[in-house]
Amino acid sequence: MSYAIYLPSYSIGTDAYQEIGEICRPYGTKAVAIGGKKAIAAVKEKLISALGKNGLELLGFLWYGGEAGYEQVEALESERWLKQAEMIFAVGGGKALDTAKLLGHRVNKPVFTFPTIASNCSACTSVSILYRPDGSFLQPYFFQKPPVHAFIDTQIIASSPSRYMWAGMGDTYAKYFESTVSSRGESLPHYISLGIANSLMCYQPIIQYGQKALADAGAGCASWEFEQAVLSIIVSTGVASILLCTDHVIDYNTGLAHAVYYALTSFHQTERRLHGEIVALGVLVLLLADKDMEHFHQVYRFHQKVGLPTKLTQLGICKEEFLQVAKQAAVMKDIEHYPYPVTEEMLINAFLTLEEMK
């Protein structure tokens, strides 16, 4: 079988935007920026200055529409600035970037990403996660290639609310545990094996530097430790996801942590919780179910240090609801490709074990 792999290209640092001229000029001179309102405000001055110094023109800023879906993309397709632009600059968090990525794909224009928070790997992945107008999940939309280049300005990200990085850390190290468990005992093609090997970089830097990175983020400081955490969340996870999803299936890119997440999202108590915050708790459940106590204690201590949840009751789920959570999680597609059956009893035992820990 012949196949092609396209991996992310990126610049990172407090002066990452200074690379714009060299990297973008081969694709044209006119760009339109599409993103969230707060994100646009955060990058506007710095982005306009960098473009001006490099002889590029920014036609204007467009709001992405508030949701990542076909409706938002179709509305943007008729915008005058988009039609005039030769490049699309995607600015903001995951939904804004995913919207602009799909838009670029549909209108056949190159997309460059400018993440303003470190909560996910959208800036470097070749997939957009799409939602219905009511905010419910619709589907993933896979592309052959990731964005042309990601400009990761660490000072802009350090100036954003640190809770996004806090939650993003949990979603990041889930990649390591879910891919290694889901692939256990299998003979794998090179790209899957490479993705799993790379996923270690979704775990080690977070455990090693995450606490200091969060403290620095809270102070608006783009330190070296902060940069390592940002790279883990945005780049390492993006590389792993591309490799693990080369076949456009999720077998190795998800697992029990996300099964627990999707089960918990059906409860109103979790409506205001961040995705990675809930997935982080799912990682603890995964490790207990897998009887990987060495990693469990390491991750559990990290949660205690940074304030990530360690039990379901911290999310407002009462013990009487544990069985309902277990029933829903045990039938999720995320654990269809697993080396052993995940039972309701196994999950309830994990939930109760977490409740008993101090």
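Residues numbered from 1 in each chain as written. Predicted model: local features only at pLDDT ≥ 70, side-chain atom pairs only at ≥ 80, totals over all residues. Heavy atoms only, no water.

Student: How should the overall build of the protein chain be read in this particular structure?
Tutor: Counting its regular elements, the protein chain contains 15 helices and eight strands. Expressed as lengths along the three principal axes of its C-alpha atoms, the size of the protein chain is roughly 60 × 50 × 40 Å. Of all 358 residues assigned to the protein chain, the portion counted as buried reaches 56%. Of the contacts made within the protein chain by residues no fewer than 6 positions apart, 78% connect residues no fewer than 24 positions apart. As displayed, the protein chain offers around 15,300 Å² of accessible surface, 50% of which is attributable to carbon and sulfur atoms. (Helix = DSSP H or I, 4+ residues; strand = E, 2+ residues; numbered from the N terminus. Buried < 20%, exposed > 50% of the residue type's maximum accessible area, 1.4 Å probe, protein only. Contact = heavy atoms within 4.5 Å. Areas by Shrake-Rupley, 256 points an atom, 1.4 Å probe, with all protein chains shown as cover.)

Student: What exactly am I supposed to notice about the environment of A4 here?
Tutor: Turning to its location among the elements, A4 is positioned in the segment before β1 (10-13). Along the chain, A4 and V148 lie 144 residues apart, while their C-alpha atoms are 16 Å from each other.

Student: Explanation requested: helix α2 (residues 37-53) in the structure shown.
Tutor: Owing to its 3.6 residues per turn, the α-helix aligns residues three or four sequence positions apart on the same side. Over its 17 residues, α2 runs 24 Å from end to end, which matches the ideal 24 Å to within 8%, given 1.5 Å per residue. Helix geometry: α2 is bent most strongly at K44, by close to 50 degrees. What α2 keeps buried is the set A39, I40, V43, L47, A50 and L51. For α2, the secondary structure elements touched by its buried residues are α1 (20-24), β2 (30-35), β3 (57-63), β4 (87-92), β5 (111-115) and α6 (154-158). (Expected span 1.5 Å × (residues − 1). Bend = angle between axes of the 7 residues up to and from the residue.)

Student: I would appreciate a short explanation of the sheet that holds β5 in the present structure.
Tutor: In a beta sheet, neighbouring strands are held together by backbone hydrogen bonds and run either parallel or antiparallel to one another. Strand order in the open sheet made by the six strands is β1-β8-β5-β4-β2-β3, with parallel pairing throughout. Every other strand in the sheet has two partners, leaving β1 and β3 as the edge strands with one partner each. Across the sheet, the mean angle separating the axes of adjacent strands is 20 degrees when strand polarity is ignored. Pairing geometry for β1 and strand β8 (residues 149-153), over four bridges, is parallel. Along β8, the bridge assignment pairs Y10 with A150. (Pairing = 2+ DSSP bridges. Axes fitted to C-alpha atoms, helices over the stretch in contact; angles between N-to-C directions.)

Student: Is there a simple way to think about helix α13 (residues 293-306) in this case?
Tutor: An ideal rise of 1.5 Å per residue puts 20 Å on 14 residues; α13 measures up with 20 Å between its terminal C-alpha atoms. Residues of α13 that are buried include every one of H295, F296, V299, Y300, F302, H303 and V306, and no others. For α13, the angular spread of the buried residues around the axis is 160 degrees, confining them to a single face. Exposed residues on α13 whose side chains face more than 90 degrees from its buried face are E294 and K305. The inward-facing, buried residues of α13 contact α7 (163-182), α9 (204-218), α12 (275-289) and α15 (344-356). Positive phi appears at G307, one or two residues downstream of α13, with a value of about 85 degrees. (Arc of directions from axis to C-beta.)

Student: Would you take a moment to explain the packing of aromatic side chains for this structure?
Tutor: To describe a pair of aromatic rings, one takes the distance between the centres and the angle between the planes. Per the counting criterion, the structure on display carries 19 aromatic pairs. Consider the rings of Y173 and Y203, whose centres lie 6.4 Å apart with planes at 85 degrees: the pair is edge-to-face. Of this pair, Y173 sits in helix α7 while Y203 sits in the loop between α8 (190-198) and α9, and the two are 30 residues apart along the sequence. In textbook terms, an aromatic cluster arises when at least three aromatic residues are bridged by ring pairs, as seen for Y17, Y27, F89, F112, F114 and F151. Lying across the ring of W63, K37 places its NZ or CZ 4.5 Å from the centre. One Lys or Arg, K95, reaches over the ring of Y131 and ends 4.3 Å from the middle of that ring. (Phe/Tyr/Trp six-rings, centres within 6.5 Å; stacked < 30°, edge-to-face > 60°. Lys NZ or Arg CZ within 6 Å of the ring centre and 35° of its normal.)

Student: Can you walk me through the pairing of strand β6 (residues 127-131) in this structure?
Tutor: Side-chain positions along a regular strand alternate between the two faces of the sheet. Relative to strand β7 (residues 137-142), β6 runs antiparallel, the two sharing five bridges. In the strand pairing of β7, I129 is matched with P140. Between β6 and β7, which pair antiparallel and follow one another directly, the connecting turn spans five residues, one of which, G135, has a positive phi of 90 degrees.

Student: Help me understand unusual backbone geometry, please; the structure alone is not making it clear to me.
Tutor: Of all residues except glycine, most have a negative phi; of all peptide bonds, most are trans. The backbone of N108 sits at a positive phi, close to 60 degrees, despite the residue not being glycine. Secondary-structure assignment places N108 in the loop between α5 (94-107) and β5. The phi angle at K291 is positive, at roughly 60 degrees, despite the residue not being glycine. Structurally, the position occupied by K291 is in the loop between α12 and α13. K291 gets classed as exposed once you look at its relative accessible area, which sits at 69%.

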